[in-house]
Amino acid sequence: MAIYPATALAAAALVVAWELLFLRTGLLRQRAYWITMAIVFAFMVVVDGWLTKLSAPIVLYRAADVSGWRPIWDILAEEYAYAFALVTLVLLSWDHAGRRAAAGGDRP
């Protein structure tokens, strides 16, 4: 398997595992989370699609490093997995930190 899809899928799996095994915020079960992700991906399609469009790409990938599968516009599938992992990790961290602060866990 090419390096970029392998690392993107691993990142997504690790973030989900981190939530399910350690953080347990319940964020992945919340409707607001999925609405947020839909908004993020809507903007991603526009921006990333423009950056990676095959007719005049601004960002180039080495063919050996990517899957080549471009399900929406000209965006590689691994871009979606990586974006999912990155955005979800930030939201999980923010939610977890907020819960700790509310519980008084961040007091000196």
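Conventions we followed
- Residues numbered from 1 in each chain as written.
- Predicted model: local features only at pLDDT ≥ 70, side-chain atom pairs only at ≥ 80, totals over all residues.
- Heavy atoms only, no water.
- Helix = DSSP H or I, 4+ residues; strand = E, 2+ residues; numbered from the N terminus.
- Rg over C-alpha atoms; globule rule 2.2 N^0.38 Å.
- Buried < 20%, exposed > 50% of the residue type's maximum accessible area, 1.4 Å probe, protein only.
- Contact = heavy atoms within 4.5 Å.
- Areas by Shrake-Rupley, 256 points an atom, 1.4 Å probe, with all protein chains shown as cover.
- Expected span 1.5 Å × (residues − 1).
- Patch = residues over 30% accessible without salt bridge, like charges linked within 9 Å, V, L, I, M, F, W, Y side chains within 5 Å.
- Salt bridge = Lys/Arg side-chain N within 4 Å of Asp/Glu carboxyl O.

Q: I'd like a description of the overall build of the protein, backed by residues and values.
A: When you go through the protein residue by residue, the secondary structure sums to 3 helices and 0 strands. Put simply, the protein runs from its N terminus to its C terminus through helices and strands in the order α-α-α. Computed over the C-alpha atoms, the radius of gyration of the protein is 17 Å, more than 25% above the 13 Å expected from 2.2 N^0.38 for a compact globule of 108 residues. Among the 108 residues that make up the protein, the fraction classed as buried is 31%. Contacts spanning at least 24 positions in sequence make up 62% of the contacts within the protein whose residues lie at least 6 apart. Surface exposure of the protein reaches about 7,200 Å², of which carbon and sulfur atoms provide 70%.

Q: Give me the environment of Ile-75: which residues, what numbers.
A: Of note, Ile-75 is situated in the loop between α2 (31–52) and α3 (77–102). Classification of Ile-75 as buried rests on a relative accessible area of 0%. In this structure, the C-alpha to C-alpha distance between Ile-75 and Asp-48, residues 27 residues apart in sequence, is 6.5 Å. What Ile-75 contacts, discounting residues up to four positions off in sequence, is Met-44, Val-45, Asp-48, Gly-49, Thr-52, Trp-69, Arg-70 and Tyr-80.

Q: Could you give an account of the environment of His-96, with specific residues and numbers?
A: By secondary structure assignment, the location of His-96 is in helix α3. Exposure remark for His-96: the relative accessible area of 29% places this residue in the partly exposed category. For the pair formed by His-96 and Ser-55, sequence separation is 41 residues and the distance between their alpha carbons is 42 Å. Aside from chain neighbours lying at most four places away, what touches His-96 is Leu-23 and Thr-25.

Q: Describe in detail α3, supporting the description with residues and values.
A: With 26 residues, α3 should reach 38 Å at 1.5 Å per residue; the first-to-last C-alpha distance of 38 Å fits that figure. Along α3, the residues classified as buried are Ala-77, Glu-78, Glu-79, Tyr-80, Ala-81, Ala-83, Phe-84, Ala-85, Thr-88, Leu-91 and Leu-92. Residues of α3 that are buried sit in contact with α1 (3–23) and α2. Gly-104, located one to two residues past α3, shows a positive phi value of around 85°.

Q: Tell me about unusual backbone geometry, and name the residues and values.
A: Here the phi dihedral of Arg-24 falls at roughly 50°; this positive angle occurs in a residue that is not glycine. By secondary structure assignment, the location of Arg-24 is in the loop between α1 and α2.

Q: Which residues make up a nonpolar patch on the surface, and what values do they have?
A: A surface patch of nonpolar side chains, about 540 Å² in accessible area, is lined by Trp-18, Leu-20, Leu-21, Phe-22 and Leu-89. The greatest single-element share of the nonpolar patch, amounting to 4 residues, is contributed by α1. Residue position: Leu-21 is located in helix α1. What makes Leu-21 exposed here is its relative accessible area of 54%.

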